[in-house]
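What follows is the residue order along each chain.
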Amino acid sequence: MSELSEVRDIVETVEITKAFDENVAVDHVSFNIKEGEIFGLLGPNGAGKTTMIKMLCTLLVPSDGIAKVGGHDVIKEPLKVKEIIGYVPQDITVDGFLTGRENLELQAALYNIKGEERERRIDEVLKLVQLRERADGLVNYFSGGMRRRLEIARGLMVEPQLLFLDEPTLGLDPASRKAVWNHVQKLRKKQKLAILMSTHYMEEADKLCDRIAIIDRGRFIALDTPTNLKKQIGGTIIEIELSKSINRMKKLLTQNNDYIDNINQINETTLQIEVQDSDTALPKIFKVASGADIDINQVRIRQPTLEDVFLHYTGKTLRDEDLNDPFSFVRSQISKRMRSF
Ligand SMILES: Nc1ncnc2c1ncn2[C@@H]1O[C@H](COP(=O)(O)OP(=O)(O)OP(=O)(O)O)[C@@H](O)[C@H]1O
Ligand SMILES: [Mg+2]
């Protein structure tokens, strides 16, 4: 294990690792988060996002490496770490037998927030997640989206130096998701508040985060600002759709690739081609297709997204779930759990 530098970022890790038996969920990851920064962990199911967050929140003990939060070692000084963090877990933990307000009062009591300050914060967070009208109703009668909004409200009660948001908009409808985004953006304006959020929604990471680590199989495969990540993979994306011969077309383009940076097949009919200059690349692609008697049905030209960055580094797509459907992830989790029985 190497020693950390004296520079005090809000989060500092060196080779942080967590193994569950043979399964290395977080694999020797070193990174820092600056005060006031919104840092995103973007990755698919099982990438290691929650494990990373739990180690930094002192809920899981690392197998190896060093992690400090606010200068405090997560293993040696867990109480000091807990004093300065807020944590919104991925799984819903608010108490169904209490009202929304009572859940927040409980949180206030745990953190010794009293009197007018307590009322002010409760009122502020309820307004923020649009639960004022239902605050005195029993949480057992809340919908899933409402429970998640209450969970977020609870994490914000403590006004911490570092807030962990593990999949903060999971299960929310688009309007509630936007409300959360607005609040995260408001929070960042407060001095010294840093946020570490995980998500598998690229749009969310792109919109909110100052820097993003793309995480896959426990490793950071890229870490930069959203703009730089997109720049890293070159100029333009060309998508071509073919009704047949996709493997042959991919092979031909791969053999003939001085004008192509990368090629991936993203579904049964579509090839995604990264090029520096689409004006010169497109005629060449058509020439390859016509030379091999392959019909191209459709062509789309667009700027790179974070999805393309993920595909570039992993050869996989993040589009496992339909990103327009906020409940698809929840459904996939339920079916995953059912399969394990
Ligand atoms: N307590 C545990 N015991 C054993 N294995 C675990 C445990 N927690 C996580 N894992 C494994 O570690 C890996 C990373 O899981 P983790 O929950 O960190 O992923 P994630 O990126 O948060 O995924 P998701 O997007 O589904 O929430 C997975 O292979 C998971 O099965
Ligand atoms: Mg997770």
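Our subject is the structure that appears above.
These lines cover the structure that appears in this document, whether it is placed above or below.

### Here we look at the overall build of the protein chain
Moving on, step 1. Each helix and strand in the protein chain was counted, giving 12 helices and 14 strands.
Moving on, step 2. For the protein chain, the share of sequence-separated contacts (at least 6 apart) that also reach a separation of at least 24 residues comes to 69%.

### Quick notes on the sheet that holds strand β8 (residues 194-199)
Moving on, step 1. If you walk across this open sheet you meet the six strands as β6-β7-β8-β3-β9-β10, and the pairing is mixed. The open sheet terminates on both sides in strands that have one partner only, identified here as β6 (85-88) and β10 (219-224). Neighbour to neighbour, the strand axes of the sheet diverge by 15 degrees on average, direction disregarded.
Moving on, step 2. Bridge count between strand β3 (residues 38-42) and β8: five bridges; the pairing is parallel. Along β8, the bridge assignment pairs Leu 42 with Thr 199.
Moving on, step 3. Those strands touched by helix α5 (residues 144-156) are β6 and β7 (162-166), and its axis lies near 175 degrees from that of β6.

### Overview of helix α3 (residues 100-110)
Moving on, step 1. Inspection of α3 places Gly 100, Asn 103, Leu 104, Gln 107 and Ala 108 among the buried residues, and these make up the whole buried set. Around the axis of α3, the buried residues are gathered within 140 degrees of arc, so they sit on the same side.
Moving on, step 2. Residues of α3 that are buried make contact with α4 (115-128) and α5.
Moving on, step 3. Asn 112 lies just past α3 and shows a positive phi near 60 degrees.

### Some thoughts on helix α1 (residues 49-56)
Moving on, step 1. When you tally the buried positions in α1, you get eight out of eight residues, the bulk of the element.
Moving on, step 2. For α1, the set of buried residues is Lys 49, Thr 50, Thr 51, Met 52, Ile 53, Lys 54, Met 55 and Leu 56.
Moving on, step 3. Looking one or two residues beyond α1, the residue adopting positive phi is Thr 58, at roughly 70 degrees.

### Considering the site of ligand 1
Moving on, step 1. In the neighbourhood of ligand 1, 13 residues make up the surrounding shell, with Phe 20, Ala 25, Lys 49, Thr 50 and Thr 51 lying closest.
Moving on, step 2. Listing elements by their share of the shell around ligand 1, those giving two or more residues are β2 (23-33) and α1.
Moving on, step 3. Among the elements that make up the shell around ligand 1, the one with the highest residue count is α1 (three residues).
Moving on, step 4. Looking at the shell around ligand 1 residue by residue, the classes come out as three nonpolar, nine polar and one charged.

### Some words on the nonpolar core
Moving on, step 1. Within the largest apolar cluster, 69 residues are counted, with the highest numbers of intra-cluster contacts made by Leu 56, Val 69, Ala 153, Phe 164 and Leu 196.
Moving on, step 2. In terms of residue count, the dominant contributor to this core is α5 (five residues).
Moving on, step 3. Non-local contacts of Leu 56, meaning those with residues more than four positions away in its chain, are made with Val 11, Ala 67, Val 69, Val 74, Phe 164 and Leu 196.
Moving on, step 4. Within the second largest apolar cluster, eight residues are counted, among which are Ile 240, Leu 253, Ile 273 and Ile 285.

### As for the sheet that holds strand β12 (residues 260-265)
Moving on, step 1. Strand order across the open sheet formed by four strands is β12-β13-β11-β14, with antiparallel pairing between neighbours. Bordering the open sheet on either side are β12 and β14 (298-302), each of which pairs with just one other strand. Here the average twist between neighbouring strands, direction ignored, is 20 degrees.
Moving on, step 2. Pairing analysis gives five bridges linking β12 to strand β13 (residues 270-275), with the strands arranged antiparallel. Pairing of Gln 265 across the sheet is with Leu 271, part of β13.

### A short note on the packing of α3 against α4
Moving on, step 1. Between α3 and α4, the shortest axis-to-axis distance is 10 Å and the interhelical angle comes to 135 degrees. Classified by the angle between their axes, α3 and α4 sit oblique to one another. In this structure, the crossing between α3 and α4 has a hand that is right-handed. Contact with α3, carried on its side by Arg 101, Leu 104 and Ala 108, involves Arg 118, Ile 122 and Val 125 of α4 and no other residues of that element.
Moving on, step 2. Here the residues of the contact of α3 with α4 are counted per class, giving four nonpolar, no polar and two charged.

Parameters and conventions
Residues numbered from 1 in each chain as written. Chains lettered and ligands numbered in written order. Predicted model: local features only at pLDDT ≥ 70, side-chain atom pairs only at ≥ 80, totals over all residues. Helix = DSSP H or I, 4+ residues; strand = E, 2+ residues; numbered from the N terminus. Contact = placed C-beta atoms within 7 Å. Pairing = 2+ DSSP bridges. Axes fitted to C-alpha atoms, helices over the stretch in contact; angles between N-to-C directions. Buried ≥ 20, exposed ≤ 12 C-beta atoms within 10 Å, placed from the backbone. Arc of directions from axis to C-beta. Near = placed C-beta within 6 Å. Nonpolar A, V, L, I, M, F, W, Y, C, P; charged D, E, K, R; others polar. Core = buried A, V, L, I, M, F, W, Y, C linked by C-beta atoms within 7 Å. Parallel < 35°, antiparallel > 145°, perpendicular 65-115°, else oblique. Left-handed = near helix turned anticlockwise from the far one by under 90°.

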